[in-house]
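The residues making up each chain are set out below.
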Amino acid sequence: MWVQLHNVAPLNMTEAATSAIASLIGKVVKVDKDDGRDCIGRFLRVKISFDVQELLMRGANVEFPDDGKIWIDFHYEGLPNYCLICDKVGHVTRWCKAERLGELLHSMKLGNDEGINFMALKLDMAKGYDRVEWSFLNAMLHKLRFDDIFCQWVMKCVQTIPYCVVVNGEATSYITPSRGLRQRGPLSLFLFLNCVEGFSSLLHNEERVGRIRGIIVNNLAEPLSYVFFANDLVFFCQATKIEALNVNCLLQQDAEGSGQFINLEKSSVHFSGGCSQVVKAWLSQVLGIKHQDGFGKYLGIQADFGGLKRKVFEDVRNRVDEQINGWAKQFQSIAGNEVLIKSVAVALPNYTMSCFQLPIQLAKEIEQVIARFLWRDQKTKKGVHWVAWSKVAKRKSKGGLGFKEIISLNLAMLAKVGWHIICNPDSLLAKVLQEKYYLSSSFLDGPAGRGTSWGWKGILYQRKVFKVGIRWRVGDGRSIQIVKDPWLPTPRTFH
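Thresholds, definitions, all that
- Residues numbered from 1 in each chain as written.
- Predicted model: local features only at pLDDT ≥ 70, side-chain atom pairs only at ≥ 80, totals over all residues.
- Heavy atoms only, no water.
- Helix = DSSP H or I, 4+ residues; strand = E, 2+ residues; numbered from the N terminus.
- Buried < 20%, exposed > 50% of the residue type's maximum accessible area, 1.4 Å probe, protein only.
- Contact = heavy atoms within 4.5 Å.
- Areas by Shrake-Rupley, 256 points an atom, 1.4 Å probe, with all protein chains shown as cover.
- Salt bridge = Lys/Arg side-chain N within 4 Å of Asp/Glu carboxyl O.
- Axes fitted to C-alpha atoms, helices over the stretch in contact; angles between N-to-C directions.
- Parallel < 35°, antiparallel > 145°, perpendicular 65-115°, else oblique.
- Left-handed = near helix turned anticlockwise from the far one by under 90°.
- Nonpolar A, V, L, I, M, F, W, Y, C, P; charged D, E, K, R; others polar.
- Pairing = 2+ DSSP bridges.
- Core = buried A, V, L, I, M, F, W, Y, C linked by side-chain atoms within 4.5 Å.
- Arc of directions from axis to C-beta.
- Patch = residues over 30% accessible without salt bridge, like charges linked within 9 Å, V, L, I, M, F, W, Y side chains within 5 Å.
- Lys, Arg positive; Asp, Glu negative; His and termini not counted.
- Charge placed at Lys NZ, Arg CZ, Asp CG, Glu CD.
- Phe/Tyr/Trp six-rings, centres within 6.5 Å; stacked < 30°, edge-to-face > 60°.
- Lys NZ or Arg CZ within 6 Å of the ring centre and 35° of its normal.

**Considering the overall build of the protein chain**
Step number 1: Summing up its helical and strand segments, the protein chain has 15 helices and 15 strands in all.
Step number 2: Here the protein chain, with 495 residues, has 45% of them falling under the buried criterion.
Step number 3: Contacts spanning at least 24 positions in sequence make up 65% of the contacts within the protein chain whose residues lie at least 6 apart.
Step number 4: Per element, the accessible surface of the protein chain, about 27000 Å² overall, is 55% carbon and sulfur.

Put into structure tokens, the structure is as follows:
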């Protein structure tokens with residue numbers, strides 16, 4: 001894949017320096033040579049071989065002999081389905097499952113009317129790709145009803161890959177593996193997902209026969225037993241000794257069939273708020289998995305929230321600070337700072353803002369950090385803010401520079417979530433929110449209530465503005481309340 005290296009000084013645009021920087025991402029295949037054109041505004045292009053299923057680097061602090069440490073941005077060309085927050089390929093930002101998980105953990109924290117306690121297991125697979133048994137993979141392909149010829153082609157691609165190890169600069173003889181998937185292979189992710197589908201089928205079977213019961217957000221909702229993305233596994237069950245033993249049997253059964261083992265040291269279990277410390281310690285011992293009070297992060301975003309939301313989102317500001325501090329040593333004009341801010345700095349908190357409402361004070365602090373960088377002076381490292389940020393953030397046609405206000409951008413992204421819920425009522429997020437907050441009404445009429453999650457509060461925050469700009473497209477008219485709903489295409493409807 002071709003990768004662009006931005007912010008490299010013209011004097012450092014050599015093939016050796018380019019190869020050294022690109023080696024931080026993966027194996028360098030080809031360097032796009034200098035063509036002698038003007039260096040201003042250029043970037044370096046390198047073709048790199050790397051595993052797109054690992055966390056992708058957005059940049060790195062590279063130390064140069066004359067310029068010191070400089071932040072180099074990595075732009076991946078033609079990268080499909082890339083999530084901005086968890087730095088992984090396979091799903092776009094708006095489909096990231098972290099926000100769905102947050103609602104389930106919030107339900108665990110509140111408990112339920114029947115007093116049933118649940119536990120959430122965050123599992124880490126130990127070398128998941130390397131342990132896949134070929135016989136299990138072949139059986140899964142046939143079980144999923146792939147054609148026999150296609151299965152033979154796939155297995156030949158998997159089984160005919162030799163390896164060699166370089167020791168002290170010399171390559172050893174070739175090694176023929178008997179199991180595992182090549183992590184950088186173009187088919188490896190899809191084949192690995194087929195193996196995870198086997199684990200999912202085992203879970204469904206255990207749930208069907210009643211040995212494992214998933215979490216429910218209310219007494220009328222259907223249970224939800226797992227949230228999977230590739231090898232990031234989270235599944236839910238009741239906090240009882242019987243289900244803990246059933247979980248152990250399930251993991252052992254999957255390990256014997258697929259060859260994939262769970263790394264118990266890196267895994268963790270999180271319990272409902274109603275569980276006593278004795279029950280937590282006892283079930284943790286039965287599972288052999290350590291217990292932690294907070295669930296932590298899932299796909300790079302904080303999944304559960306405490307009382308201080310500022311601490312949860314502090315990582316967003318730290319990422320913006322780190323990015324801007326890496327640009328501090330570069331000698332650029334205000335126009336150059338403008339380009340960096342619009343293309344990188346403002347985009348860093350995009351995913352978090354598309355899921356949750358940022359605290360207003362934190363959003364203002366991010367804007368202050370950006371404004372200081374925009375007006376800073378190279379000599380004094382300070383600067384005079386000649387124009388207020390509210391004027392700078394206006395459109396260029398209105399006399400501004402076209403920057404985006406963080407609070408308004410946050411509101412617009414949350415509005416997209418609301419539109420997704422309306423247009424896709426059968427999606428997982430829409431179902432969870434409906435069962436939890438507006439079971440007997442619609443999304444637009446759902447009550448706010450007390451004790452709601454921070455994600456739902458953010459959606460309600462944008463819903464007030466969202467209602468102003470929508471109206472019904474009249475079909476048969478059965479779903480429209482003629483007096484209450486906006487359906488007339490006139491300006492009066494939007495007041």
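**Here we look at the pattern of salt bridges**
Step number 1: Within this structure, the stated rule accounts for three salt bridges.
Step number 2: Between Arg211 and Glu206 there is a salt bridge whose closest N-O contact spans 2.8 Å.
Step number 3: Relative accessible area serves as the criterion here: at 8%, Glu206 is assigned to the buried category.

**Quick notes on the packing of helix H3 (residues 134-143) against helix H4 (residues 148-159)**
Step number 1: Close contact between H3 and H4 brings their axes to 10 Å; oriented N to C, the two are set at 155°. When the axes of H3 and H4 are compared, the pair comes out roughly antiparallel. For the crossing formed where H3 meets H4, the hand is right-handed. Contacts between H3 and H4 involve Trp134, Leu137, Asn138, Leu141 and His142 from the first element and Asp148, Cys151, Val154, Met155, Val158 and Gln159 from the second.
Step number 2: Across the contact of H3 with H4, the residue classes break down as seven nonpolar, three polar and one charged.

**Observations regarding the pairing of strand S5 (residues 68-76)**
Step number 1: Among the nine residues in S5, seven count as buried, and that is most of the element.
Step number 2: Note that strand S1 (residues 2-6) and S5 share four bridges and pair antiparallel. Directly across from Leu5, in S5, lies its bridge partner Phe74.
Step number 3: Direction of pairing for strand S4 (residues 59-64) relative to S5: antiparallel, over a ladder of six bridges. Within S5, the position partnered with Phe64 by the bridge is Gly68.
Step number 4: Counting the residues between successive antiparallel strands, the hairpin from S4 to S5 contains three residues.

**A short note on the packing of helix H5 (residues 188-209) against helix H6 (residues 241-258)**
Step number 1: At their nearest, the axes of H5 and H6 sit 10 Å apart, and the two run at 145° to each other. Judged by the sense of rotation from one axis to the other, the crossing of H5 with H6 is right-handed. The residues of H6 that touch H5, namely those facing Phe199, Leu202, Leu203 and Glu206, are Leu250, Leu251, Gln253 and Asp254.
Step number 2: Residues that form the contact of H5 with H6 fall into these classes: five nonpolar, one polar and two charged.

**Let's talk about the nonpolar core**
Burial of nonpolar side chains together is a common tendency in soluble globular proteins.
Step number 1: Ranked by size, the top nonpolar core spans 40 residues in total, and within it Met119, Leu121, Leu123, Leu137, Leu181, Val247 and Leu287 carry the most contacts.
Step number 2: Looking at this core, the elements that each hand over two or more residues are strand S6 (118-126), H3, H4, H5, strand S10 (232-238), H6, strand S12 (268-271) and helix H7 (277-287).
Step number 3: Residue contributions to this core peak at seven residues, all from H5.
Step number 4: Ile324, Phe356, Phe373 and Ile406 belong to the second largest nonpolar core, which has 35 residues in total.

**Looking at H3**
Step number 1: Among the residues of H3, those classed as buried are Trp134, Phe136, Leu137, Met140 and Leu141. Projected onto a plane normal to the axis of H3, the buried residues spread over an arc of 160° and lie on a single side. Facing away from the buried side of H3 by over 90 degrees, the exposed positions are Ser135 and Lys143.
Step number 2: On its buried face, H3 is in contact with H4, H5 and H6.
Step number 3: After H3 finishes, the residue Arg145 shows a positive phi value of roughly 70°.

**Some words on the environment of Gln253**
Step number 1: Of note, Gln253 is situated in helix H6.
Step number 2: With 51 residues separating them along the chain, Gln253 and Leu202 place their C-alpha atoms 8.7 Å apart.

**Overview of the sheet that holds strand S2 (residues 27-31)**
Note on sheets: strands pair through backbone hydrogen bonds, and any given pair is parallel or antiparallel.
Step number 1: Strand order in the open sheet formed by five strands is S2-S3-S1-S5-S4, with antiparallel pairing between adjacent strands. In this open sheet, the two edge strands, each paired with only one partner strand, are S2 and S4. Looking at each pair of strands side by side, their axes are set apart by 40° on average, direction ignored.

**So, a positive patch on the surface**
Step number 1: Taken together, the side chains of Lys391, Lys394, Arg395 and Lys398 make up a positively charged region of the molecular surface.
Step number 2: Mapped onto the secondary structure, Lys398 falls in the loop between helix H12 (389-392) and helix H13 (406-423).
Step number 3: Judged by relative accessible area, which is 62%, Lys398 ranks as exposed.

**Topic: the environment of Ser390**
Step number 1: Summarising the element assignment, Ser390 is placed in helix H12.
Step number 2: You can call Ser390 partly exposed: its relative accessible area is 45%.
Step number 3: In the structure, Ser390 is positioned 14 residues away from Lys404 in sequence and 9.7 Å away in space, judged by C-alpha atoms.

**Some details on the pairing of strand S3 (residues 44-49)**
Step number 1: What you see with S3 is a clean split: Leu44, Val46 and Ile48 sit on the buried side and Arg45, Lys47 and Ser49 on the side with no burial.
Step number 2: Alignment of S1 against S3, held across four bridges, turns out to be antiparallel. Within S3, the position partnered with Trp2 by the bridge is Lys47.

**Thoughts on the side chain of Thr18**
Step number 1: Take Thr18: it is sitting in helix H1 (residues 15-22).
Step number 2: Dropping the residues within four chain positions of it, Thr18 is found in contact with Leu5, Val31, Leu44 and Val46.

**So, the packing of aromatic side chains**
Step number 1: The tally for this structure, following the rule as stated, stands at five aromatic pairs.
Step number 2: Taking the centre distance of 5.3 Å and the plane angle of 25° together, the rings of Phe146 and Phe150 count as stacked.
Step number 3: Given the relative accessible area of 34%, Phe146 is considered partly exposed.
Step number 4: Members of the aromatic cluster, connected to one another through ring pairs, are Tyr437, Tyr438, Phe443 and Trp456.
Step number 5: Positioned above the aromatic ring of Trp2 is the side chain of Arg45, whose terminal nitrogen or guanidinium carbon lies 4.2 Å from the ring centre.

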